[in-house]
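If you want the building blocks of each chain, they are given just below.
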Amino acid sequence: MNARSYASPPRLVLASTSIYRRQLLERLGLPFETSSPQTDETRLPGEAPECLAQRLALAKARDVSQQQPGALVIGSDQVAALGAEIFGKPGTVENAMTQLQRMSGQEVLFHTAVALIDGHNGHEQCENILTRVRFRPLSEPEIRRYLEREPALDCAGSAKCEGLGITLLDALSGDDPTALIGLPLIVLTRMLRAAGVELP
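Residues numbered from 1 in each chain as written. Predicted model: local features only at pLDDT ≥ 70, side-chain atom pairs only at ≥ 80, totals over all residues. Heavy atoms only, no water.

Turning next to the side chain of Asp-77. Among the structural elements, Asp-77 can be located in strand E3 (residues 72-82). Asp-77 sits in the buried class, given a relative accessible area of 5%. A polar contact of 2.7 Å, which involves the side chain of Asp-77, links it to the side chain of Lys-60. (Helix = DSSP H or I, 4+ residues; strand = E, 2+ residues; numbered from the N terminus. Buried < 20%, exposed > 50% of the residue type's maximum accessible area, 1.4 Å probe, protein only. Polar contact = N/O pair within 3.5 Å; in protein donor to acceptor, adjacent residues only side chain to side chain.)

Take a look at the structure:
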C-alpha cells in the first residue's frame, strides 16, 4: 500500500494517558492528542508474552481509532516475562516488592509492542521490540529503599530504567533504547514515515 503524503502534519492521537509515552512522543516534535482506550487487558489462556503485547497494542489503537475517525492512532503495550511468568504494573508497593524479589538475579524479557492505524484507509502496522534486562541480585533492604524513593507502581516489572531503577540492573540490551521506557521511537518513526509523515 502506497503511503499518503501530507501537506500539513496529520492529526496524530496517542492511545494512552501514560506520562512516559507522552514524554517520549513529544521528542518527535509533532502535534498530537491523547485518548484513553477502553481495552480489556486480560491475558488469553496460553498466550505468549509477545503475542499479548502486540494484541493489546493493536486493540488500544483500534479502540481509539473508532473514537477518532481519520486520525493516525498510536497504540502501545509492554509485557515483562520471566519464562512463562508475566509481570504487569504492580499497582501496590507489596506487589512491586514481590516482583522485584522474583526478578532478582534473573534475566527478564520486556516485550514492547507499538501499533499505528491510519484512520483514512484502515492500514495497520504493528511490531514487537524485545529488550533483555538482567537484574543484579537484590537484597530485601535494597528493594525497600528503592521502592521508598521510586515506587514505579505504574511500570511493568516495577523498575523504571530511566530513573533510579537503573541501579537494580546488571545489563540490558535491545535494538531501541526507548522501548523499555514504553514507546519504541525508532520503530514508530519508521511506521510514521511509511504512513506518509515527514520526519524530522
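Our focus in this paragraph is the side chain of Gln-99. Along the chain, the position of Gln-99 falls in helix H3 (residues 93-103). Of the residues examined, Gln-99 reaches a relative accessible area of 9% and is grouped as buried. Beyond its immediate stretch of four places on either side in the chain, Gln-99 contacts Phe-87, Gly-88, Lys-89, Pro-90, Gly-157 and Ser-158. (Contact = heavy atoms within 4.5 Å.)

Another point: the pairing of E3. By the criterion of burial, E3 is predominantly enclosed, with eleven of the eleven residues buried. Burial along E3 is two-sided: Leu-72, Ile-74, Ser-76, Gln-78, Ala-80 and Leu-82 facing one way and Val-73, Gly-75, Asp-77, Val-79 and Ala-81 facing the other are all buried. Two elements, strand E1 (residues 12-14) and E3, share three bridges in a ladder whose sense is parallel. Pairing of Leu-12 across the sheet is with Leu-72, part of E3. Inspection of the sheet shows E3 paired to strand E4 (residues 85-87) by three bridges, in the antiparallel sense. For Ala-80, the partnering residue across the bridge sits in E4 and is Phe-87. Adjacent in sequence and paired antiparallel, E3 and E4 are bridged by two residues, among which Gly-83 carries a positive phi angle near 65°. (Pairing = 2+ DSSP bridges.)

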